[in-house]
Amino acid sequence: MAKQQSTDMMNLAQEMMTIQRDYMLSTLQAMSPGKSDSAGLNGMLEQEIETTRDAVEKTLSLEEKAIDELRKGTREIPGVNGVVDMMSEVSRGALQMRGQLWRTWFDQMRSAQQTAPTSASKS
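Described below are features of the structure shown in this document. (Residues numbered from 1 in each chain as written. Predicted model: local features only at pLDDT ≥ 70, side-chain atom pairs only at ≥ 80, totals over all residues. Heavy atoms only, no water.)

### Section: the overall build of the protein
Here is step 1: Of regular secondary structure, the protein possesses three helices and zero strands.
Here is step 2: Walking the protein from its N terminus toward its C terminus, one meets helices and strands in the order α-α-α.
Here is step 3: Burial statistics for the protein: of 123 residues in total, 24% are counted as buried.
Here is step 4: Sequence-distant contacts in the protein: of pairs separated by 6 or more residues, those separated by 24 or more amount to 73%.
Here is step 5: Summed over its atoms, the accessible surface of the protein is roughly 8600 Å², and 60% of this surface lies on carbon and sulfur atoms. (Helix = DSSP H or I, 4+ residues; strand = E, 2+ residues; numbered from the N terminus. Buried < 20%, exposed > 50% of the residue type's maximum accessible area, 1.4 Å probe, protein only. Contact = heavy atoms within 4.5 Å. Areas by Shrake-Rupley, 256 points an atom, 1.4 Å probe, with all protein chains shown as cover.)

Right, dumping it as structure tokens:
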């Protein structure tokens, strides 16, 4: 079981690195010459917000998987079940709170972007 958990945790770590790599590459692509000019600042900002939203959602989901994996891996250790269950629930609650804070931030950014004047309306 320990070997399986180690493999599962390594897979989760690899997924996390993939999320971060994809996020960075997408950000660099959005800012590359020609891309930012054709989309304009608003388009670049919108793409960056969506890229960030995607990375955040994937990361939060992955963190929840990690909590589950850690919880499974400690079930067989005598005397820690109650503590692990309690800490898992605390971690899950904190994760849900962070998710809600991020969703609120993204909603506010979308709202601000929708009410901001576009470069076409300035002319």
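Once you've had a look at it, read on.
### Things to note about helix H3 (residues 81-115)
Here is step 1: Taking 1.5 Å per residue as the helical rise, H3 with its 35 residues ought to reach 51 Å, and the 51 Å between its terminal C-alpha atoms agrees with that figure.
Here is step 2: Of all the positions in H3, only Val84, Ser88, Arg92, Leu95, Gly99 and Phe106 are classed as buried. (Expected span 1.5 Å × (residues − 1).)

### Description of the packing of aromatic side chains
Here is step 1: Within the structure shown, the criterion is met by three aromatic pairs.
Here is step 2: When the ring of Trp102 is compared with that of Trp105, the centres are 5.9 Å apart and the planes differ by 85°; the resulting orientation is edge-to-face. Of the two residues, Trp102 and Trp105 both sit in helix H3, three residues apart, roughly one turn of that helix.
Here is step 3: On the accessibility criterion, Trp102 (33% relative accessible area) is partly exposed. (Phe/Tyr/Trp six-rings, centres within 6.5 Å; stacked < 30°, edge-to-face > 60°.)

### A look at the nonpolar core
Here is step 1: If you look at the biggest cluster of nonpolar residues, it comprises six residues: Ile49, Val56, Leu60, Ile67, Leu95 and Phe106.
Here is step 2: At the level of secondary structure, the elements contributing two or more residues to this core comprise helix H2 (35-74) and H3.
Here is step 3: When residues in this core are grouped by element, the largest group, four residues, is from H2.
Here is step 4: Setting aside residues no more than four positions away along its own chain, Leu60 makes contact with Leu95, Arg98 and Gly99. (Core = buried A, V, L, I, M, F, W, Y, C linked by side-chain atoms within 4.5 Å.)

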